[in-house]
Amino acid sequence: MPEQTNPFEIARQQLHAVADKLKLSAAMKSFLAEPEALHVFTVPFARDDGRIEVVTGIRAQHSFARGPAKGGIRFHPDVGIDEVKALSMWMTWKCAVVDIPYGGGKGGLTVDYKALSQGEKERLTRAFARRLTKVIGPDFDIPAPDVNTGPQEMMWIADEYGHFVGHPEPAVITGKPVDCGGSLGRGSATGRGLVFCVERYFENHGISLKGKTVAVQGFGNAGQYAARLIAGLGASVVAISDSRGGIFNDKGISVGAAIDHKTRTGQVAGLPGRAISNAELLELDVDILIPAALENQITGSNADKVKARLIAEAANGPTTPEADQILFAKGVTVIPDILANAGGVTVSYFEWVQNRQRYYWTEEDVNSRLREIMRRSLDQVERMAAEHKCPWREAAYLLAVARVAGALRVTRDL
Ligand code: GLU
């Protein structure tokens with residue numbers, strides 16, 4: 001049988017894997033296995049040559065059990081309903097693992113966004129935002145950046161929402177530019193949170209990070225900050241890649257220079273070192289592997305060839321369940337996405353709190369509160385994994401699903 005790669009089927013499988021251990025009722029299982037709401041929009045926008053193009057926009061709200069739905073919006077040609085539903089479910093667990101008061105949501109546009117001009121990007125994002133305004137809100141569903149979206153897109157959406165409600169409402173979305181109500185430290189938060197996790201893991205095991213080798217697949221926001229910050233702790237980043245391919249340099253890559261090069265040329269190719277493919281990067285003989293690109297990268301076909309002893313997932317859903325089993329049997333620890341990349345949504349939460357209080361924190365405050373949450377969460381997941389002798393992903397699910405189900409039992413009698 002070919003391996004399951006539909007992210008929504010995978011997400012359901014992961015939920016079902018812990019449902020019995022947690023003694024979830026049949027009603028609870030069915031309720032959690034689907035988003036509470038799903039919105040699909042047709043979004044027309046004008047190209048620069050005057051043609052009108054129509055693309056699909058999606059917003060899935062998986063859970064409101066612990067608070068408003070929360071999660072990013074991605075613009076990518078592969079965005080589809082099942083992917084967005086899966087990502088929204090993963091957001092529910094992610095917010096529960098780090099224990100912030102949100103449910104899960106996710107959205108996206110099926111479009112080759114990178115190929116659009118700046119004007120086209122603005123028209124499309126604003127057109128999508130006008131549809132979204134009816135289903136989001138600071139107390140209901142709060143979007144954020146994800147693949148190919150950032151502060152500029154968040155501001156266009158906040159602006160449309162402000163026009164819709166008749167006043168500025170920065171708390172409707174997070175990941176905004178700092179000048180428009182964004183939080184200091186939000187840009188680096190996903191990478192920083194991941195590195196806090198890795199740092200804590202090494203501390204718990206009494207090992208030094210100094211000189212440990214690292215490969216990072218994907219060099220977008222999360223990958224860049226993760227690489228930079230882990231190098232700052234003395235680890236050696238020996239491989240990086242983006243969608244067009246990667247670079248391996250056993251003497252260590254200067255991450256600052258690599259970020260400059262990527263910003264200037266749009267790719268990592270051309271940096272000093274040996275050109276490698278994304279597939280080769282995953283199989284390098286390194287200590288730590290950081291998948292920071294898209295779903296389904298480590299699968300039943302290549303998991304056996306992974307040599308890293310620690311995988312910290314910056315991407316959402318990079319490892320399939322089949323790969324998880326193989327890695328667990330080999331003794332590889334996977335710090336799962338819903339823990340490792342939760343720093344982004346944690347600082348989104350801080351941004352939302354600051355917006356609502358109209359009182360802004362220093363970057364030191366943001367980073368130290370983030371550190372505290374990531375270290376505490378990592379410890380809880382590690383303890384759970386030791387107790388149940390199970391993979392860390394399952395441990396994180398046991399923690400998260402129990403929290404969400406606990407809230408639902410009280411409110412909905414499920
Ligand atoms: N898109 C990010 C994630 O997958 C951030 C979500 C947020 O900040 O709400 O966690």
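Residues numbered from 1 in each chain as written. Predicted model: local features only at pLDDT ≥ 70, side-chain atom pairs only at ≥ 80, totals over all residues. Heavy atoms only, no water.

**Q** What am I meant to see in the overall build of the protein here?
**A** For the protein, the helix and strand inventory stands at 14 helices and 12 strands. Rg of the C-alpha trace for the protein: 20 Å, near the compact-globule value of 22 Å for 414 residues, within the 12% margin. Across the 414 residues of the protein, 58% fall into the buried class. Long-range contacts, defined here as pairs at least 24 residues apart, represent 70% of the contacts in the protein between residues at least 6 apart. Taken as two groups, the 48 positive and 48 negative side-chain charges of the protein have centres that lie 2 Å from each other. (Helix = DSSP H or I, 4+ residues; strand = E, 2+ residues; numbered from the N terminus. Rg over C-alpha atoms; globule rule 2.2 N^0.38 Å. Buried < 20%, exposed > 50% of the residue type's maximum accessible area, 1.4 Å probe, protein only. Contact = heavy atoms within 4.5 Å. Lys, Arg positive; Asp, Glu negative; His and termini not counted. Charge placed at Lys NZ, Arg CZ, Asp CG, Glu CD.)

**Q** Explain the site of the ligand here, please?
**A** The full set close to the ligand counts 14 residues, and Lys-70, Lys-94, Pro-145, Asp-146 and Ser-348 are the nearest of them. Asn-316 is positioned with one of its side-chain polar atoms (N or O) 3.1 Å from an oxygen atom of the ligand. In this structure, an oxygen atom belonging to the ligand sits 2.5 Å away from a side-chain N or O atom of Ser-348. Protein contacts shield 95% of the accessible area of the ligand, which totals 290 Å² for the unbound molecule. Listed by contribution, the elements that provide at least two residues to the shell around the ligand are strand E3 (69–76), helix H3 (81–97), strand E5 (141–145) and helix H12 (343–357). (Near = heavy atom within 4 Å. Polar contact = N/O pair within 3.5 Å; in protein donor to acceptor, adjacent residues only side chain to side chain. Areas by Shrake-Rupley, 256 points an atom, 1.4 Å probe, with all protein chains shown as cover.)

**Q** Please explain empty space enclosed by the protein as it appears in this structure.
**A** Left-over empty space is what a probe sized like a water molecule reveals as it rolls over the atoms. In the structure shown here, the tally under the stated rule is one cavity of 30 Å³ or more. Looking at the largest cavity, its volume works out to about 30 Å³. What lines the largest cavity is simply Ile-10, Trp-90, Glu-295, Asn-296, Gly-317, Thr-319 and Thr-320. Tallied by class, the residues present in the lining of the largest cavity amount to two nonpolar, four polar and one charged. (1 Å grid on protein atoms, 1.4 Å probe; cavity = no way out; pocket = protein on both sides within 12 Å on 5 of 7 lines; lining within 4 Å. Points joined across faces, edges and corners; volume = space filled by probe spheres on them. Nonpolar A, V, L, I, M, F, W, Y, C, P; charged D, E, K, R; others polar.)

**Q** Before we go on, may I ask you to explain a nonpolar patch on the surface in this structure?
**A** A contiguous nonpolar surface patch, about 220 Å² in accessible area, is contributed by Leu-38, Val-40 and Ile-81. Assignment of secondary structure puts Val-40 in strand E1 (residues 37–46). Judged by relative accessible area, Val-40 falls into the partly exposed class, the value being 47%. (Patch = residues over 30% accessible without salt bridge, like charges linked within 9 Å, V, L, I, M, F, W, Y side chains within 5 Å. Salt bridge = Lys/Arg side-chain N within 4 Å of Asp/Glu carboxyl O.)

**Q** When you look at the layout of surface pockets in this model, what are you seeing that I'm missing?
**A** In this structure, the second largest pocket encloses a volume near 430 Å³. Lining of the second largest pocket is provided by 18 residues; of these, Gln-13, Pro-321, Glu-322, Asp-324 and Gln-325 occupy positions nearest its centre. Elements represented by at least two residues in the lining of the second largest pocket include exactly helix H1 (7–19), helix H10 (321–329) and helix H14 (392–412). Among the residues making up the lining of the second largest pocket, the classes are represented as nine nonpolar, four polar and five charged.

**Q** Would you take a moment to explain the side chain of His-261 for this structure?
**A** Mapping His-261 onto the fold places it in helix H8 (residues 255–265). Non-local contacts of His-261, meaning those with residues more than four positions away in its chain, are made with Gly-266, Gln-267, Val-268, Ala-269, Gly-270 and Leu-271.

**Q** Explain the packing of aromatic side chains here, please?
**A** The way to describe two aromatic rings as a pair is by their centre distance and the angle between their planes. Scanning the model with the defined rule gives 13 aromatic pairs in all. For the pair Phe-41 and Phe-128, a centre-to-centre distance of 6.4 Å together with 70 degrees between the ring planes defines the contact as edge-to-face. Separated by 87 residues along the polypeptide, Phe-41 in strand E1 and Phe-128 in helix H4 (residues 118–132) bring together distant segments of the chain. The burial state of Phe-41 is the same as that of Phe-128; both residues are buried. Taken together, the ring pairs in this structure connect Tyr-102, Tyr-349, Phe-350, Trp-352 and Trp-361 into an aromatic cluster. The positively charged end of Lys-121 is found above the aromatic ring belonging to Tyr-113, 5.3 Å away from the centroid. (Phe/Tyr/Trp six-rings, centres within 6.5 Å; stacked < 30°, edge-to-face > 60°. Lys NZ or Arg CZ within 6 Å of the ring centre and 35° of its normal.)

**Q** For this particular structure, what's the right way to read H14?
**A** An α-helical turn contains 3.6 residues, so a residue and the one three or four places further along point in the same direction. Over its 21 residues, H14 runs 29 Å from end to end, which matches the ideal 30 Å to within 8%, given 1.5 Å per residue. Of the residues one or two after H14, Asp-413 is the one with positive phi, at around 60 degrees. (Expected span 1.5 Å × (residues − 1).)

**Q** Can you walk me through the packing of H1 against H14 in this structure?
**A** Geometrically, a packed helix pair is captured by the angle between its two axes and the distance between the axes. Two numbers describe how H1 lies on H14: the axes approach to 9 Å, and their chain directions differ by 75 degrees. Viewed along their axes, H1 and H14 adopt a mutual orientation that is roughly perpendicular. In this structure, H1 uses Gln-14, Leu-15 and Val-18 to contact H14, whose residues at the interface are Arg-393, Glu-394, Tyr-397, Leu-398 and Val-401. Considered class by class, the residues forming the contact of H1 with H14 number five nonpolar, one polar and two charged. (Axes fitted to C-alpha atoms, helices over the stretch in contact; angles between N-to-C directions. Parallel < 35°, antiparallel > 145°, perpendicular 65-115°, else oblique.)

**Q** Is there a simple way to think about the sheet that holds strand E10 (residues 288–291) in this case?
**A** Note on sheets: strands pair through backbone hydrogen bonds, and any given pair is parallel or antiparallel. Ordered by their spatial adjacency, seven strands build an open sheet running E9-E8-E7-E6-E10-E11-E12, and the pairing between neighbours is mixed. Sheet topology places strand E9 (274–276) and strand E12 (333–335) at the edges, where each strand pairs with a single neighbour. The mean angle between the axes of side-by-side strands here comes to 20 degrees, regardless of whether they run parallel or antiparallel. When strand E11 (residues 310–312) meets E12, the two strands line up parallel, connected through three bridges. Bridged to Leu-310 within E12 is Thr-333. (Pairing = 2+ DSSP bridges.)

**Q** Could you clarify how one ought to interpret the pattern of salt bridges in this entry?
**A** Note that side chains of opposite charge can pair when their charged atoms are close. Throughout the structure, instances matching the rule amount to 29 salt bridges. Taking the shortest distance from any N to any O, the salt bridge between Glu-53 and Arg-51 comes out at 4.0 Å. Note that Asp-146 is salt-bridged to Lys-106, the shortest N-O span being 2.9 Å. One end of the pair, Asp-146, is in the loop between E5 and helix H5 (151–165); the other, Lys-106, is in strand E4 (residues 104–110), and 40 residues separate them in sequence. For the pair Asp-146 and Lys-106, a shared accessibility class is recorded, and that class is buried. Linked through salt bridges whose partners overlap, the residues forming this network are Arg-47, Asp-49, Arg-51, Glu-53 and Glu-120.

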